[in-house]
Amino acid sequence: MSSPDPMSLSSAYPPAPPGYELLEEIGRGGMGVVWRAHERRLQREVAVKLLREEETAARNRFLFEATVTGQLQHPGIPAVHELGTLPDGRPFLAMKLVKGCTLHELLKSRDRDPSRDRGRFLAIFEQVCHAVGYAHAHNVIHRDLKPGNVMVGAHGEVQVMDWGLAKVLHPSPERERGEEDDSAATVPPVTAIGTPSRGDAATRTGVVLGTLSYMAPEQAGGEIRKLDARSDVFGLGAMLCEILTGRPPYWGADSNAVRLQAVRWEIAEAFARLEASGAEPELIALCKRCLAREQADRPADGNAVAQEVAAIRQAAEERAHTLRDLDWGQPGNAYNAACALSLCIPIVETHEKLDADQRKAAAQFYGDEAMKLLRDAVGKGWKDAAPMQKDSDLDPLRQREDFQELLRELTRSP
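Note that the structure is predicted; figures quoted are calculated from it, not measured. (Residues numbered from 1 in each chain as written. Predicted model: local features only at pLDDT ≥ 70, side-chain atom pairs only at ≥ 80, totals over all residues. Heavy atoms only, no water.)

Novice: Describe the overall build of the chain, naming the residues involved and giving the relevant values.
Specialist: Each helix and strand in the chain was counted, giving 14 helices and 10 strands. Looking at the 414 residues of the chain, the share that counts as buried comes to 48%. A separation of at least 24 residues holds for 62% of the contacts in the chain among residues at least 6 apart in sequence. Carbon and sulfur atoms provide 51% of the accessible area of the chain, an area that totals close to 19400 Å². (Helix = DSSP H or I, 4+ residues; strand = E, 2+ residues; numbered from the N terminus. Buried < 20%, exposed > 50% of the residue type's maximum accessible area, 1.4 Å probe, protein only. Contact = heavy atoms within 4.5 Å. Areas by Shrake-Rupley, 256 points an atom, 1.4 Å probe, with all protein chains shown as cover.)

Spelled out as structure tokens, the structure:
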């Protein structure tokens, strides 16, 4: 749901739902318009979503969104207060009002530095994964995951919004085939995919299902029967890619170029950005697996992604806590930290969830960081070569030329 364009707002308010006073328009999407409203009975502010046009397919999709969202009772999914009818017969939906801004807006405020506040954004992303994982556990997929559909409240609450393109996964093939007649649930053949006029911002109901810059290849290719939780996992990976690199996987000024990238899975440029992001190798590897072309190569669902993100964040926080507690004026502490990072090298070299290139990159990362700490220790006065020659914790570094050079430097020192 995008923020409204002030130039497009009508001077006349639409009919208000019974018991509500419409205050201001706060969002506009493919099917509906969202208003900040006052509920008279309980004297509280709520969000009221109104259908933009009274058309049968849109009405059915609107009612479907209300039903699905109402059944998904999770802190990360906006609570539904009421589904009702306007005086003119159109449906309305009253929901919890989240005061804050979208994740898209927060990411754009980083002044072109994707590493800024990375820990904060990973915590937000983890909450998104939990909410999506809850939906997956109830056989619901979102199909339009992107930073613009995530609200971050003033008090840190995170809500996954806009479930209007959601799909309930049925075990019966007959039920799945029945959905193909729903134009809002179906992507036309590849040659007929429509796109927003500018880049990746808009969602087109009934023309393209979701947002191409964040879309799994099977979704972009119109393979409706193949869509499952792993299609959403691709969307989560696309969001993580934007958190780490500043852009989603597919990006371009020309909408047709974005469409072709999504359909053809042209992901090499995004992977190169990930490798240059400076993020933890495990996080980069997770993002790449989420963005895998084949569904079988992606994590199973949102909960699986959440668990991996939580483990990566916890390990990073523990390392940061240990490093913060060290007295960096003492060269021995830098030396001990280098030993700890060195021991990470054999762990990532045998990590079963990393491929050969990812293992090599992760080992290089930890080796480089360990060498920085060793040089820092020498710079602070570490002069004893004996521990470096004998300490088994440093064995993973012994094949490096810069390690041997540092050792020779210490040996030559008086």
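Novice: How would you explain the packing of aromatic side chains if you had to name every residue and give the values?
Specialist: Within this structure, the stated rule accounts for four aromatic pairs. When the ring of W265 is compared with that of F271, the centres are 6.3 Å apart and the planes differ by 85°; the resulting orientation is edge-to-face. Using a relative accessible area of 18% as the deciding quantity, one classes F271 as buried. Residue placement shows R110 over the ring face of F121; its charged tip is 5.2 Å from the ring centre. The side chain of R120 reaches across the aromatic face of F121, ending 5.5 Å from its centre. (Phe/Tyr/Trp six-rings, centres within 6.5 Å; stacked < 30°, edge-to-face > 60°. Lys NZ or Arg CZ within 6 Å of the ring centre and 35° of its normal.)

Novice: Give me the pattern of salt bridges: which residues, what numbers.
Specialist: Per the counting criterion, the structure on display carries 24 salt bridges. With a closest N to O distance of 3.1 Å, E45 and K99 form a salt bridge. Here E45 is found in strand β3 (residues 44–51), whereas its partner K99 is found in the loop between β5 (91–95) and β6 (100–102), with 54 residues between them in sequence. Taking relative accessible area as the criterion, E45 reaches 31% and is therefore assigned partly exposed. Judged by relative accessible area, which is 52%, K99 ranks as exposed. (Salt bridge = Lys/Arg side-chain N within 4 Å of Asp/Glu carboxyl O.)

Novice: I'd like to hear about the packing of helix α6 (residues 229–245) against helix α9 (residues 281–290), residue by residue, with values.
Specialist: The interhelical angle for the contact between α6 and α9, taken along N-to-C directions, is 140°, at an axis separation of 8 Å. Our classification of the angle between α6 and α9 gives oblique. α9 is crossed by α6, and the crossing has left-handed handedness. On the side of α6, the interface is formed by V233, F234, G237, L240, C241 and L244, while α9 contributes L283, C287 and C290. (Axes fitted to C-alpha atoms, helices over the stretch in contact; angles between N-to-C directions. Parallel < 35°, antiparallel > 145°, perpendicular 65-115°, else oblique. Left-handed = near helix turned anticlockwise from the far one by under 90°.)

Novice: Lay out the sheet that holds β6 with the relevant residues and their values.
Specialist: The three strands lie next to each other as β6-β8-β9, forming an open sheet whose pairing is antiparallel. Across the chains shown, the open sheet's two edge strands, defined by having one partner strand only, are β6 and β9 (158–160). Going from strand to strand, the sheet's axes swing by 25° on average, the running direction of each strand aside. Sheet topology note: the strand β8 (residues 150–153)/β9 ladder contains three bridges and is antiparallel. Bridge pairing links M151 to Q159 in β9. Across the sheet, helix α3 (residues 118–137) lies against β8 and β9, angled at about 45° from β9, the strand it touches most. (Pairing = 2+ DSSP bridges.)

Novice: Give me unusual backbone geometry: which residues, what numbers.
Specialist: Negative phi is the rule for most residues except glycine; trans is the rule for most peptide bonds. At Q43, a residue that is not glycine, the phi angle is positive and equals roughly 50°. Mapped onto the fold, Q43 is located in the loop between β2 (32–39) and β3. Here W265, not a glycine, exhibits a phi torsion of approximately 55°, which is positive. Topologically, W265 is positioned in the loop between α7 (255–264) and α8 (268–275). On the basis of relative accessibility, which here comes to 22%, the residue W265 falls in the partly exposed class.

Novice: Give me the nonpolar core: which residues, what numbers.
Specialist: Core analysis: the largest hydrophobic core is formed by 56 residues, its most contacted members being F125, V128, W163, L236, L291 and V305. For F125, the contacting residues outside a window of four places in its chain are L236, M239, L240, I243, V305 and V309. Ranked by size, the runner-up nonpolar core spans 29 residues in total, among them Y335, A363, M371 and L407. (Core = buried A, V, L, I, M, F, W, Y, C linked by side-chain atoms within 4.5 Å.)

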